[in-house]
Amino acid sequence: MSQGLLIVNTGNGKGKTTAALGQAFRAIGHGFRVCFLQFLKGSWKYGELEAAKRFEDLMEIRALGKGFTWKSEDLNEDIQSARDAWDLAKQVIASGKFKMVVLDELTYLITYGMVPEEDILNTLRNRPPELHVVVTGRDASPGLIELADLVTEMNEIKHPFRNGIKAQRGIEF
Ligand code: ATP
Ligand code: MG
């Protein structure tokens, strides 16, 4: 029996989502089924989407509903789509179909109060015992950090954006 870990990649530095992809990549190498769920609208990048098609048998990726944006025009609509996305994530977690579930940019659901933190923490706490869950996003809440087994904070020391270097293919998307 393996022990499912709750892994959190947080902080302001680059590498949270890409580290989660690396973790998923390692898992599928063992033939483990992985579900990668993306919560923030537009956060799913073309590069990983295309790459994941090559591992379709093991890696399921889903951009959940409309997701939500930073600059919302209709907050209620965003809250509803965040809740629908979370309901789907709960089903995926409970399904028992996967060895690893990645909840990419999940922290924002808590930060913006779109889904009650307790609902999220209870779901993670009561997940199948062998299921590894990877959560990414800035500003992981104290409750999430407390519950997690492994927390890594990406700390920005330098980022090319500061020197005016724009997002590049294969690096940012
Ligand atoms: P990545 O997807 O490259 O692993 P991330 O998941 O850590 O990055 P997010 O907070 O999800 O970063 O931000 C999404 C986008 O912002 C990415 O394209 C990423 O390259 C970029 N980004 C991340 N950190 C920084 C930073 N410190 N300064 C500027 N842009 C950043
Ligand atoms: Mg990210």
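Since the structure is predicted, the reported quantities are computational estimates derived from the model, not experimental observations. (Residues numbered from 1 in each chain as written. Chains lettered and ligands numbered in written order. Predicted model: local features only at pLDDT ≥ 70, side-chain atom pairs only at ≥ 80, totals over all residues. Heavy atoms only, no water.)

Caption draft 1: Local environment of the overall build of the protein. Along the protein, the regular secondary structure elements total 6 helices and 6 strands. Whereas a compact globule of 173 residues would reach a radius of gyration of roughly 16 Å, the protein reaches 16 Å, a difference of no more than 12%. Dimensions along the principal axes, computed over C-alpha positions, put the protein at roughly 50 × 40 × 30 Å. For the protein, the proportion of its 173 residues judged to be buried stands at 42%. Put simply, of all contacts in the protein between residues at least 6 apart along the chain, 79% involve residues at least 24 apart. As presented, the protein carries roughly 10000 Å² of accessible surface, and 52% of it is formed by carbon and sulfur atoms. Counting 22 positive and 23 negative side-chain charges, the protein places the centres of these two groups 6 Å from one another. (Helix = DSSP H or I, 4+ residues; strand = E, 2+ residues; numbered from the N terminus. Rg over C-alpha atoms; globule rule 2.2 N^0.38 Å. Buried < 20%, exposed > 50% of the residue type's maximum accessible area, 1.4 Å probe, protein only. Contact = heavy atoms within 4.5 Å. Areas by Shrake-Rupley, 256 points an atom, 1.4 Å probe, with all protein chains shown as cover. Lys, Arg positive; Asp, Glu negative; His and termini not counted. Charge placed at Lys NZ, Arg CZ, Asp CG, Glu CD.)

Caption draft 2: Examining the coordination of the magnesium ion (ligand 2) more closely. With distances of 2.1 Å, the protein atoms coordinating the magnesium ion (ligand 2) are Thr 17 (OG1) and Glu 105 (OE). On the criterion of sequence distance, the pair formed by Thr 17 in helix H1 (residues 16-28) and Glu 105 in the loop between strand S4 (100-104) and helix H4 (107-111) is long-range, its members being 88 residues apart. The same class applies to Thr 17 and to Glu 105, which are both buried. (Donors = N, O, S within 2.8 Å, 3.2 Å for Na, K, Ca; no water.)

Caption draft 3: Broad picture of the environment of Val 115. Structurally, Val 115 is set in the loop between H4 and helix H5 (117-125). Taking the relative accessible area as the measure of exposure, Val 115 reaches 3% and is therefore buried. Each C-alpha atom, one on Val 115 and one on Trp 86, is 7.8 Å from the other, the two residues being 29 residues apart in sequence. Aside from chain neighbours lying at most four places away, what touches Val 115 is Ala 82, Arg 83, Trp 86, Leu 109, Ile 110 and Ile 120.

Caption draft 4: Main features of the pattern of salt bridges. Per the stated rule, a full pass over the model turns up 7 salt bridges. Note that Glu 50 is salt-bridged to Lys 53, the shortest N-O span being 3.0 Å. Residue classification places Glu 50 among the partly exposed residues on the basis of a relative accessible area of 31%. Taking the relative accessible area as the measure of exposure, Lys 53 reaches 47% and is therefore partly exposed. (Salt bridge = Lys/Arg side-chain N within 4 Å of Asp/Glu carboxyl O.)

Caption draft 5: Representation of the site of ligand 1 within the structure. Surveying the vicinity of ligand 1 reveals 13 residues, the closest of which are Lys 14, Lys 16, Thr 17, Thr 18 and Glu 156. In this structure, an oxygen atom belonging to ligand 1 sits 2.9 Å away from a side-chain N or O atom of Glu 105. In this structure, an oxygen atom belonging to ligand 1 sits 3.2 Å away from a side-chain N or O atom of Arg 138. Coverage of ligand 1 by the protein amounts to 81% of the 570 Å² it exposes when considered alone. Split into classes, the residues belonging to the shell around ligand 1 amount to 1 nonpolar, 6 polar and 6 charged. (Near = heavy atom within 4 Å. Polar contact = N/O pair within 3.5 Å; in protein donor to acceptor, adjacent residues only side chain to side chain. Nonpolar A, V, L, I, M, F, W, Y, C, P; charged D, E, K, R; others polar.)

Read these as geometric descriptors, not functional statements.
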